[in-house]
Amino acid sequence: MKTHGPHDATGSRRTVAVDPRRPFAVALGITLVLLAVEAVGGWLTGSLALLADAGHLLADAGTLGIGFVGSWIASRPATAKMSYGYRRAEILAAVTNGVALWAVAGAILYEAVQRFRVLHPVSAPGMLIVALVGLAGNLANSAVLARDRGENLNLRVALTHTLADAAAAVGTIAASFVILTTGWVQADAAVSIGIAALILAGSWPPLHEAVRILMEGAPAHLSLTEVEVAMRGVPGVTGVHDLHIWSLTAGVEAVSGHVLVADPGEGQRVLRDLCRLLSDRYGLGHATLQLETEASSDPWHPNCAPGARTGSDR
Ligand SMILES: [Zn+2]
Ligand SMILES: [Zn+2]
């Protein structure tokens, strides 16, 4: 018997009330202006740190642009062909962003190593001014994104980036002071390596979460074992197996499983209790549960055959 939970996919909990496209659009505008300022500034002053930050901002503009389009695609309704809707578009966008950032970091590291080998002149006063403008822009960007981030993965991705950018701008400011006071021009390349490290570090947590979702892994805040134990605690349930909890997208979870019931006549009551438990205690509104009795455990479904169970019935 296959039964659907009390809510359909569109009724699942979502803590983001605001349209995530608005902060993306504002942040994208600020980022494009900063990108132009830092690219021209990096070219005029010869500073790799500024060019690195411009490269970072280029990746961020891509992040925000993809996030903007991803959120728009994700908001489209489900269809007969795409029954889950398009919410995973956000996850695909997050993976693309993460990989793009790795490419940018690699390019910066390569150029920084070159500049340690062959000294490159840098205009420290100009570098300082551009870095100060960059810092102001990054802080404005962070404020816009932090206000509305909620559970939206791409907004969190973007916020992580802008915070890393702010740290990078501080590093660039410090490097220009070092060059101004000591003349050690390699400070510029050294800070660039730090910026590349920040890019890599910042890209990891959101990428890890996106890959977890694509691999159908259980959400970090839910324990599969704990949910299974709670389900077994419902009166009339004698076993639970083939239990899966996964995320359709960040913050939208689904659950499926096979439940052994002692008395088939109690099936509907047990099912209602289970759906309530999953929804109320664990926020799992999208539940698909298959009720079974010992007699129905036939070889037609190998996972249900006696002696070949996937769960704790084994
Ligand atoms: Zn950035
Ligand atoms: Zn089964």
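Note that this is a predicted model, so its numbers are computed, not measured.

A. A look at the overall build of the protein chain. Looking only at helices and strands, the protein chain features eight helices and four strands. Ordered by position in the sequence, the α and β elements of the protein chain form the string β-α-α-α-α-α-α-α-β-β-α-β. For the protein chain, with 314 residues in total, the buried portion stands at 50%. A separation of at least 24 residues holds for 74% of the contacts in the protein chain among residues at least 6 apart in sequence. When the accessible surface of the protein chain is split by element, carbon and sulfur atoms take 67% of a total near 14,400 Å².

B. Structural detail: the nonpolar core. Ile108, Met127, Ile179, Ile195 and Ile199 are the most contacted members of the largest nonpolar core, which totals 27 residues. For this core, the elements supplying multiple residues, two or more each, are helix 2 (48-74), helix 3 (89-117), helix 4 (124-147), helix 5 (153-182) and helix 6 (187-214). Not counting residues within four places of it along the chain, the set of residues in contact with Met127 comprises Thr45, Ser47, Ala49, Leu50, Val122, Thr172, Ala175, Ser176, Ile179 and Asp188. Counting residues in each nonpolar core, the second largest holds 23 residues, with Met231, Leu274, Leu278 and Leu284 among its members.

C. Highlighting the packing of helix 1 (residues 21-45) against helix 4. Viewed as axis vectors pointing N to C, helix 1 and helix 4 meet at an angle of 170°, and their least axial separation amounts to 10 Å. As far as their axial angle goes, helix 4 and helix 1 are roughly antiparallel. For the pair formed by helix 1 and helix 4, the contact residues are Arg22, Pro23, Val26, Ala27, Ile30, Thr31, Leu34, Val37, Glu38, Gly41 and Thr45 on the first element and Gly126, Met127, Val130, Val133, Gly134, Gly137, Asn138, Ala140, Asn141, Val144, Leu145 and Arg147 on the second. Classifying every residue of the contact of helix 1 with helix 4 by side-chain character gives 12 nonpolar, eight polar and three charged.

D. Fine view of empty space enclosed by the protein. If you walk through the whole model with that rule in mind, you get two cavities of 30 Å³ or more. The volume enclosed by the largest cavity comes to roughly 50 Å³. The wall of the largest cavity is formed by Arg115, Leu119, His120, Val122, Val185, Gln186, Asp188 and Ala189. The residue makeup of the lining of the largest cavity, split by class, is four nonpolar, two polar and two charged.

E. Broad picture of the pattern of salt bridges. According to the stated counting rule, one finds seven salt bridges in the structure shown. The partner of Arg269 in a salt bridge is Glu266, with the nearest N and O atoms 2.7 Å apart. Taking relative accessible area as the criterion, Glu266 reaches 32% and is therefore assigned partly exposed. Among the charged side chains, a salt-bridge network with shared partners connects Glu111, Arg115 and Asp188.

F. View of helix 7 (residues 224-232). Considered for burial, the residues of helix 7 that qualify are Val227, Glu228, Ala230 and Met231. When helix 7 is viewed along its axis, its buried side chains cluster within an angular range of 160° and face the same direction. When the buried face of helix 7 is taken as reference, the exposed residues oriented beyond 90 degrees from it are Thr225 and Val229. Turning to helix 7, the residues buried within the fold contact strand 2 (237-249), strand 3 (252-261), helix 8 (267-282) and strand 4 (286-292).

G. Layout of the environment of Leu109. Here Leu109 shows up in helix 3. Not counting the four nearest positions on each side in its chain, Leu109 is found in contact with Ile193 and Ala196.

H. Summary view of the side chain of Thr249. Within the element layout of this structure, Thr249 appears in strand 2. Within the local environment of Thr249, its side chain forms a polar contact with the side chain of Glu90, the two groups lying 3.2 Å apart.

I. Fine view of the pairing of strand 4. Summarising burial for strand 4: six of the seven residues are buried, a large majority. Inspection of the sheet shows strand 3 paired to strand 4 by seven bridges, in the parallel sense. Paired with Ala254 across the bridge in strand 4 is His286. As for the winding sense of the linkage, the β-α-β connection from strand 3 through helix 8 to strand 4 is right-handed.

J. Expanded view of the packing of helix 3 against helix 6. Axis separation between helix 3 and helix 6 bottoms out at 8 Å; the angle between their running directions is 160°. The orientation of helix 3 with respect to helix 6, classified from their angle, is roughly antiparallel. Of the two possible hands of crossing, helix 3 and helix 6 adopt the one that is left-handed. The residue makeup of the contact of helix 3 with helix 6, split by class, is 23 nonpolar, three polar and two charged.

Reading guide: rules and limits
Residues numbered from 1 in each chain as written. Chains lettered and ligands numbered in written order. Predicted model: local features only at pLDDT ≥ 70, side-chain atom pairs only at ≥ 80, totals over all residues. Heavy atoms only, no water. Helix = DSSP H or I, 4+ residues; strand = E, 2+ residues; numbered from the N terminus. Buried < 20%, exposed > 50% of the residue type's maximum accessible area, 1.4 Å probe, protein only. Contact = heavy atoms within 4.5 Å. Areas by Shrake-Rupley, 256 points an atom, 1.4 Å probe, with all protein chains shown as cover. Core = buried A, V, L, I, M, F, W, Y, C linked by side-chain atoms within 4.5 Å. Axes fitted to C-alpha atoms, helices over the stretch in contact; angles between N-to-C directions. Parallel < 35°, antiparallel > 145°, perpendicular 65-115°, else oblique. Nonpolar A, V, L, I, M, F, W, Y, C, P; charged D, E, K, R; others polar. 1 Å grid on protein atoms, 1.4 Å probe; cavity = no way out; pocket = protein on both sides within 12 Å on 5 of 7 lines; lining within 4 Å. Points joined across faces, edges and corners; volume = space filled by probe spheres on them. Salt bridge = Lys/Arg side-chain N within 4 Å of Asp/Glu carboxyl O. Arc of directions from axis to C-beta. Polar contact = N/O pair within 3.5 Å; in protein donor to acceptor, adjacent residues only side chain to side chain. Pairing = 2+ DSSP bridges. Right-handed = clockwise from strand over helix to strand, strands pointing away. Left-handed = near helix turned anticlockwise from the far one by under 90°.

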